[in-house]
Amino acid sequence: MGALDLSNGRKKDIPLSIGAKNKIIWRIVNIIMSNSSFLIFGHTFPDEDCVASLTAFGLLLRKFNKKVCIYLESAVQRPLQFLADIINYNNIDFYTDALAHIPKPDVIFVLDTPKPDMIACDAYGFQLLSDPSILKVEIDHHFDADAHTISSADFSLLIRASSTCEVIAHIMYKLSFRSEILQLYEIRELYSRNIVLSMLTGMVGDAKMGNYLLKKRDKKIFDYFFNWFNELLAKQRRSATSNIADAYEILHIINSLSASEHKVLNKVLEHSIYRPNIGASFMNKIESEQLFHISEYSQVINVVKTATNALAENAGLVGISAYYDPDIVSNKIQYRVRTSKAGNYINLLTILLDLKIEDGGGHPGAIAFRFTKDSFTEKDFLQMNETLIKKVEEIIANNAL
């Protein structure tokens, strides 16, 4: 459950400068070196980047021979089971659903979590997060709208990047030049196969090969790490031919669907409508309930992401989806908007600003936002859908000038 409330959290609106980023990276390295036990949290309903970043950072801590515990609110589902296998294989304590009363950790890291109330933790986790004697460190790439920090400025590594896994790549890149540290901890292979596989999974899952990155600088950095890790993974596979070969195989695994997930996808696409360059699927409360009768919540929301991507590609530029959360999960109506590969020049974040939406965020090419059911009648839902399509049409027209 997301239970942590930090009323004084700073808004995530400006990424760190290069100088500030480097200072915090070395601060994090010093924290790792000077402490023994670490607990890592992610966000509720974890996606590929969340699970992959927890795995990658847990592996990095293990290279320093640290005691590591990872918590997720539920078991890792197919197709990401290989990440759970990596966690268990590397002597990392891995808890799902309930966090056992582990010894008090020296440090808590919170990864890939836009705001405090999205942290996935149980009652004991909340108790640890609320303990002022435990240092909290944040690593994230979310900005805009309602994104707020979890830790103090000195311990918040916030970089505009494709994914939190890419932010971890920045840490490891800096660390790779510190031979004295690597020798001290006898780290002979910093970029081992499992850590490369984990970071690539997060980068591919969140950015879809970098297609959602708007700024050339962001795309250039993504391409650097992506190509480097992809080459490493291919080389490391030579002695293990049954293993995952490259980023494209990762993407195929992520996009693979079970029989029940195919049913969800078909149900979402049944409600699709198309306008020039825009594909959308707006599911009202009854239609949304039908989705969640087919499969469990975490699987449905992952398939909705896939459907939104498909709508974007089928329409040409932008895909939109909306659905009602089950009442047992939340009182929210969820919206997702994503660009196609051809529309990666479009900045969807302007939707949040122009429509004054506070509960939302994302990347230039992929955003999500939500409204409370109590404040939205069925008429409001229909009006918002039309307003959203018109706003996207306006953004497309402006970018075409």
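Residues numbered from 1 in each chain as written. Predicted model: local features only at pLDDT ≥ 70, side-chain atom pairs only at ≥ 80, totals over all residues. Heavy atoms only, no water.

*Asks:* Where do I start with the pairing of strand β9 (residues 316-324) in this structure?
*Replies:* Two faces make up the sheet, and in a regular strand the side chains alternate between them. Burial analysis of β9 places 8 of its 9 residues in the buried class, the great majority of the element. By the bridge criterion, 6 bridges tie strand β8 (residues 277-282) to β9 in an arrangement that is parallel. Bridge pairing in β9 places Ser281 opposite Ser321. (Buried < 20%, exposed > 50% of the residue type's maximum accessible area, 1.4 Å probe, protein only. Helix = DSSP H or I, 4+ residues; strand = E, 2+ residues; numbered from the N terminus. Pairing = 2+ DSSP bridges.)

*Asks:* Explain helix α11 (residues 285-294) here, please?
*Replies:* Given 3.6 residues per turn, any residue in an α-helix points the same way as the ones three and four places further on. Among all positions of α11, only Ser288, Leu291 and Phe292 are buried. Angularly, the buried residues of α11 cover 90° about the axis, an arc narrow enough to put them on a single face. Opposite the buried face of α11, at more than 90 degrees from it, the exposed residues are Ile286 and His293. Against α10 (259-270), α12 (297-315) and β9 lie the buried residues of α11. For α11, the N-terminal cap is Asn284; the gap from its side-chain oxygen to the backbone nitrogen of Ile286 is 3.2 Å. (Arc of directions from axis to C-beta. Contact = heavy atoms within 4.5 Å. Polar contact = N/O pair within 3.5 Å; in protein donor to acceptor, adjacent residues only side chain to side chain.)

*Asks:* Would you explain the packing of helix α5 (residues 164-175) against helix α8 (residues 216-236) in this entry?
*Replies:* Relative placement of two packed helices is described by the angle separating their axes and the distance separating the axes. Look at α5 against α8: their axes get within 11 Å of each other, and the N-to-C directions meet at 75°. In terms of orientation, α5 lies roughly perpendicular with respect to α8. Contact with α5, carried on its side by Glu166, Ala169, His170 and Tyr173, involves Ile221, Phe222, Tyr224, Phe225, Trp228 and Phe229 of α8 and no other residues of that element. Across the contact of α5 with α8, the residue classes tally to 8 nonpolar, 1 polar and 1 charged. (Axes fitted to C-alpha atoms, helices over the stretch in contact; angles between N-to-C directions. Parallel < 35°, antiparallel > 145°, perpendicular 65-115°, else oblique. Nonpolar A, V, L, I, M, F, W, Y, C, P; charged D, E, K, R; others polar.)

*Asks:* What exactly am I supposed to notice about the nonpolar core here?
*Replies:* Nonpolar side chains in soluble globular proteins tend to be buried together. In terms of nonpolar packing, the biggest core is built from 69 residues, with Ile28, Phe57 and Phe109 touching the most fellow members. Residue contacts for Phe109: discarding those within four places in its chain leaves Ile28, Phe38, Leu39, Ile40, Phe41, Phe57, Val137 and Ile139. Counting 28 residues, the second-largest nonpolar core is a separate cluster that includes Ile351, Phe369, Phe381 and Ile396. (Core = buried A, V, L, I, M, F, W, Y, C linked by side-chain atoms within 4.5 Å.)

*Asks:* Could you clarify how one ought to interpret the sheet that holds strand β11 (residues 360-363) in this entry?
*Replies:* Sheets are built from strands paired through backbone hydrogen bonds, the pairs being either parallel or antiparallel. The mixed open sheet is built from 6 strands, whose spatial order is β7-β8-β9-β10-β12-β11. The strands lining the two open edges of the sheet, one partner per strand, are β7 (272-275) and β11. If you compare each strand with its neighbour and ignore which way they point, the axes differ by 15° on average. As paired elements, β11 and strand β12 (residues 366-372) share 4 bridges and run antiparallel to each other. Counted as the bridge partner of His363 is Ala366 from β12. Contacts from α12 reach β7, β8, β9 and β10 (332-339), with the element oriented near 150° to β9.

*Asks:* Would you mind showing me how to read the sheet that holds strand β1 (residues 37-41) here?
*Replies:* The strand order β3-β2-β1-β4-β5-β6 describes an open sheet built from 6 strands, whose pairing is parallel. Either end of the sheet is taken by a strand with one partner, and the two such strands are β3 (93-96) and β6 (156-158). Mean inter-strand twist for the sheet, computed between neighbouring axes without regard to direction, equals 15°. With 5 bridges joining them, β1 and strand β2 (residues 67-72) adopt parallel strand pairing. Across the sheet, Ile40 pairs through a bridge with Ile70, a residue of β2. Relative to β2, helix α2 (residues 48-63) is tilted by about 170°, and along the sheet it contacts β1, β2, β4 (107-111) and β5 (135-140).

*Asks:* Explanation requested: the state of the cysteines in the structure shown.
*Replies:* In a disulfide, the sulfur atoms of two cysteines are covalently bonded to one another. In total, this model carries 0 disulfides according to the counting rule given. In this structure Cys121 is not part of a disulfide, and its nearest cysteine sulfur, from Cys69, lies 12 Å away. For the unlinked cysteine Cys165, the closest cysteine sulfur is that of Cys50, found at 9.4 Å. (Disulfide = S-S within 2.5 Å.)

*Asks:* Which parts of the structure should I look at to understand helix α1 (residues 18-34)?
*Replies:* The end-to-end C-alpha distance of α1 is 24 Å, a good match for the 24 Å that 17 residues give at a rise of 1.5 Å each. For α1, the set of buried residues is Lys21, Asn22, Ile24, Ile25, Ile28, Val29, Ile31 and Ile32. (Expected span 1.5 Å × (residues − 1).)

*Asks:* Help me understand the environment of Gly202 in this model?
*Replies:* Structurally, Gly202 is set in helix α7 (residues 193-207). Along the sequence, Gly202 and Ser288 sit 86 residues apart, while their C-alpha atoms lie 28 Å from each other. Setting aside residues up to four positions removed in sequence, Gly202 forms contacts with Glu48, Asp49, Ala52, Ser163 and Cys165.

*Asks:* In this structure, what is going on with the side chain of Asp49? I would like to understand it.
*Replies:* Mapping Asp49 onto the fold places it in helix α2. Comment: no salt bridge for buried Asp49; closest opposite-charge side chain is Lys305, at 9.6 Å. Residues within four places of Asp49 in sequence aside, it is in contact with Asp112, His141, Ser163, Thr164, Cys165, Gly202 and Asp206. (Lys, Arg positive; Asp, Glu negative; His and termini not counted. Salt bridge = Lys/Arg side-chain N within 4 Å of Asp/Glu carboxyl O.)

*Asks:* Sorry if this is basic, but what is going on with the packing of aromatic side chains here?
*Replies:* This model, assessed by the stated rule, comprises 26 aromatic pairs. Taking the centre distance of 5.9 Å and the plane angle of 75° together, the rings of Phe41 and Tyr71 count as edge-to-face. You can see Phe41 sitting in strand β1 and its partner Tyr71 sitting in strand β2, a full 30 residues away along the chain. We classify Tyr71 as buried; its relative accessible area is 1%. An aromatic cluster is built from Tyr173, Phe177, Tyr191, Tyr224, Phe225, Trp228 and Phe229, whose rings are joined through pairwise contacts. Over the face of the ring belonging to Trp26 we find Arg178, whose NZ or CZ atom lies 4.7 Å from the ring centre. (Phe/Tyr/Trp six-rings, centres within 6.5 Å; stacked < 30°, edge-to-face > 60°. Lys NZ or Arg CZ within 6 Å of the ring centre and 35° of its normal.)

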